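Close look at the chain arrangement
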Amino acid sequence: MDKRVKNANEAIKGIKDGMTLMLGGFGLCGIPENCISALVEAGTTNLTCISNNAGVDDFGLGLLLQKRQIKKMISSYVGENDEFERQMLSGELEVDLIPQGSLAARCQAAGSGVPAFYTPAGYGTEVAEGKEVRYFNGKPHILEHALTADFAIVKAWKGDRYGNLFFKGTARNFNPLMAMAGKITIAEVEELVEPGELDPNTIHTPGIFIQHIFQGVNYEKRIEQRTVRPRT
Amino acid sequence: MDKRVKNANEAIKGIKDGMTLMLGGFGLCGIPENCISALVEAGTTNLTCISNNAGVDDFGLGLLLQKRQIKKMISSYVGENDEFERQMLSGELEVDLIPQGSLAARCQAAGSGVPAFYTPAGYGTEVAEGKEVRYFNGKPHILEHALTADFAIVKAWKGDRYGNLFFKGTARNFNPLMAMAGKITIAEVEELVEPGELDPNTIHTPGIFIQHIFQGVNYEKRIEQRTVRPRT
Amino acid sequence: MLDKTGIAKRIAQELQDGWYVNLGIGIPTLIANYIPQGISVEFQSENGILGMGPFPFEGDEDADLINAGKQTVTAMPGASIFDSATSFAMIRGQHIQLTVLGAMEVADNGDIANWKIPGRMVKGMGGAMDLVASADNIIVAMMHTNKRGASKLLKRCSLPLTGVACVKKVVTNLAVLDITPNGFKLIERAPGVSVEEIQNATEGRLIVEGDIPEMKI
Amino acid sequence: MLDKTGIAKRIAQELQDGWYVNLGIGIPTLIANYIPQGISVEFQSENGILGMGPFPFEGDEDADLINAGKQTVTAMPGASIFDSATSFAMIRGQHIQLTVLGAMEVADNGDIANWKIPGRMVKGMGGAMDLVASADNIIVAMMHTNKRGASKLLKRCSLPLTGVACVKKVVTNLAVLDITPNGFKLIERAPGVSVEEIQNATEGRLIVEGDIPEMKI
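First, a word on what this report is: a plain description of the structure on this page. (Residues numbered from 1 in each chain as written. Chains lettered and ligands numbered in written order. Predicted model: local features only at pLDDT ≥ 70, side-chain atom pairs only at ≥ 80, totals over all residues. Heavy atoms only, no water.)

**Focus: the interface of chain D and chain B**
Contacts between the two partners involve 50 residues from chain D, matched on the other side by 51 residues from chain B. Approximately 4300 Å² of surface area, both sides summed, lies buried where chain D meets chain B, with 59% of it carried by carbon and sulfur atoms. Together, D64(D), K70(D) and K123(D) form the three largest contributors to the area buried by chain D at its contact with chain B, with a combined 18%. Counting across the interface, chain D meets chain B through seven salt bridges. With a closest N to O distance of 2.8 Å, K116(D) and E126(B) form a salt bridge. At the surface where chain D touches chain B, the tally comes to 29 residue pairs in polar contact (both at pLDDT 80 or more). Elements with a minimum of two residues in the side of chain D that touches chain B: α3 (84-92), β9 (121-122) and α4 (128-134) of chain D. (Contact = heavy atoms within 4.5 Å. Buried area = accessible area lost by both parts, 1.4 Å probe. Salt bridge = Lys/Arg side-chain N within 4 Å of Asp/Glu carboxyl O. Polar contact = N/O pair within 3.5 Å; in protein donor to acceptor, adjacent residues only side chain to side chain. Helix = DSSP H or I, 4+ residues; strand = E, 2+ residues; numbered from the N terminus.)

**Section: the sheet that holds strand β1 (residues 20-23) of chain C**
What holds strands together in a sheet is hydrogen bonding between their backbones, with the strands either parallel or antiparallel. All names here are of chain C. Across the sheet, which stays open at both edges, the ten strands sit in the order β4-β3-β2-β1-β5-β10-β12-β13-β14-β15 with mixed pairing between neighbours. Edge positions in the open sheet fall to β4 (74-81) and β15 (206-207), since each of these has one partner strand only. Bridging between strand β10 (residues 138-141) and strand β12 (residues 169-171) involves three bridges; their strand directions are parallel. Each residue of the ladder has a partner; that of I139, found in β12, is K169. (Pairing = 2+ DSSP bridges.)

**Topic: the pattern of salt bridges**
Throughout the structure, instances matching the rule amount to 55 salt bridges over all chains. Residue E85(B) pairs with K123(D) through a salt bridge whose shortest N-O separation is 3.7 Å. With one member in each of two chains, E85(B) in helix α4 (residues 82-89) and K123(D) in the loop between β9 and α4 form a pair that bridges those chains. Beyond isolated ion pairs, a larger network of salt bridges with shared partners links K155(A), K168(A), E190(A), K221(A), D62(C) and D64(C).

**Points about empty space enclosed by the protein**
What the rule picks out here adds up to nine cavities of 30 Å³ or more. The space that makes up the largest cavity amounts to roughly 940 Å³. Every residue lining the largest cavity is counted, 48 residues in all, and those nearest its centre are Q108(A), Q108(B), D83(C), T86(C) and T86(D). Counting only elements with at least two residues in the lining of the largest cavity, the list comes to α5 (100-112) and α6 (175-181) of chain A, α5 (100-111) and α6 (175-181) of chain B, α3 (84-92) of chain C together with α3 of chain D. Split by residue class, the lining of the largest cavity holds 28 nonpolar, 14 polar and six charged. (1 Å grid on protein atoms, 1.4 Å probe; cavity = no way out; pocket = protein on both sides within 12 Å on 5 of 7 lines; lining within 4 Å. Points joined across faces, edges and corners; volume = space filled by probe spheres on them. Nonpolar A, V, L, I, M, F, W, Y, C, P; charged D, E, K, R; others polar.)

**Considering the interface of chain C and chain A**
If you look at the interface, chain C gives 50 residues, while chain A gives 51 residues. Each partner contributes to the roughly 4300 Å² buried at the junction of chain C and chain A, and carbon and sulfur atoms together form 59% of this total. The largest share of the area that chain C buries against chain A comes from D64(C), K70(C) and K123(C), three residues that together contribute 18% of it. Taken together, the links from chain C to chain A amount to seven salt bridges. The tally of links between chain C and chain A comes to 29 residue pairs in polar contact (both at pLDDT 80 or more). Looking at the side of chain C that touches chain A, the elements that each hand over two or more residues are α3, β9 (121-122) and α4 (128-134) of chain C.

These results come straight from atomic positions and should not be treated as a statement about function.
Set out below in structure tokens:
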């Protein structure tokens, strides 16, 4: 059960032009920095990327947008990226915006073998167009389908060769859900530890969901909004 | 946010005859021993109990069955309890048997505001009778609904006054899911710790799902099948 | 007339002991600074934290601990961290007692629009559609009029909706208004603001019954 | 003819390196003792553990660490523990490569019955319905005939079904059989068992093509 690969370049080898990728992270928090860089380097194109956000102009998925490697984005919020907005408004980039909770639940559903579920989110809005509406307890809900991807790419704090993952703080976000949903899931970790070092009770993502794992390098972990209070 | 109550008797005060309860545990592992004892003592009757198993003849939910306090059981496996089987076959006890994964998912759905979802489990069997069938990717699925309860009663290893819970080993099982699903959720814990002692990254059940918490006493933690290998 | 801080202070008065609260980006975020004495509430941020504390001290900021506005935050004792599915389980499952968010437009039936201006601006709905579709208690915090002076309290939203008939209360720089079956009901005036000024700034149906008290901030 | 251990040993030959495996109660549990040399597999138990190890040493048993059969077990280095919803996410989401379970009856189209005898015995389906409805690779481990000598490999199940057209392979005390569109296809005979004996013990459609080799255990 040794799922280790050498680095990001080796991990993404199977990713081909035109594939659908899921990428963990919320804003720039918990994004798979190494794999994004490797994808920029590889020049893989025509990608459909499922990720809550689209990075900022010069970091995260913004790097792939700059190079026009992304054909379509599936996200919930893209407000921090001018290049994204430009490509979208000009029609160069296809965009599917979906409610954040539905995005999370659709990934989880895919990983869980649940093909579809009902949610109240988006009823009566553009998001509901073309979707089945059904009432439960007198309240309208829409049918949402599981969302899967050829590859899911997630980033954890610690992991072991079995693929077990532990996330730190709010860098967890979509990562465990996308890890479940990918047909193949790549995990990059800040620290690769020996099996048994992670307490089985506190593993966030059991290794069964992971196919490739490696210890990343040079994490920048950029902060989007550095808000502090003065020491008094 | 102090959710502490003194003991099981105080915790179950709101439970009335005829209510629906969820009780965590798998077999005798992770069952809320203190609250079950308190319910036996209180003599609350006509209960509908949702629990994966029904205990054994003289422990766990078996104690409530002995006293005929349960009108209906909703479970997935009841093979360890002769009194249960007797009451069921004689018609004294209503029983709704549902697939274990559907039971877990229906609790989780209730706690998550998802009123219904599709699952392949049970298609073509008695379980599917009267349920909507729909094909996804060419495969038949049935529609299952969220399952809620007036009270959920769960048992954790450690917890704090905010209601945050940490489970040990496979005593976790249904407990976190039922904790989400109860209109009111009672948590009994082996050890009540100070807020901050539990690492926020490793809390299994965030306190938001819990209404009452107490430190239980005299845990028996009976083992159903003591299987060992000799030391060589 | 209130400034943004004033709006936050007024909404803070709505908080009740033991509530779990989700605060949106912008004015709502400020509310955390004005929790009334003697009550205890917990803040949930939909990116996966409950028990969010104030901004960290300079030098303590952690890239792995942010709120939904991508700002560095801290975790209070008793905080918990979870994935996005669990976070929205809390939201969709109605485990949160109060949701406060900003808006571009609110209609007098409780419709809200805050995620898109067709052809001009698309930020995305983020978690707002889940929040407004699920929460029982939604307060909108916003300016009464937009930059061009036009009312944001309308008969009907002109922008794409975020949710239908969901807003319960609106607190603006001019007034506190409840959403009722008959439209916006004026509850309080901002200090120094007349009923007439509020009427002039409100395009939707406005109900004014009896004496309208001035807010106490 | 095989005993229960023999059935477990024969099924163990089907294991492949890197597989995640769910073993049901009874004969399937024994398979864990006969993993072929040089391959690494991980056992999942649906009550919430992956990387299950052997029974604990005397005195080390922990009431909080059991398998789906309620037996005390151990966790291997690299094990993980999770709630029941995550456990069935693994199962339903097809993250498990092999499921082995017992049965009362199997039909020649792959139907399986193993949870109920109307009016006489009801243990419940436990996780079996989720497992058989989800898994691509299901092997049934059972005796070829019941206690009264009647075949358990049938044209049609007489008992309430657990799942439809899902079993891929059956390993009994007499034979290894694949489920094909035309019925049970005889693959191997147990040591010392003739094709005729298998034919006599099989009520469902049985395909016998060419020479049927004897199992190597």
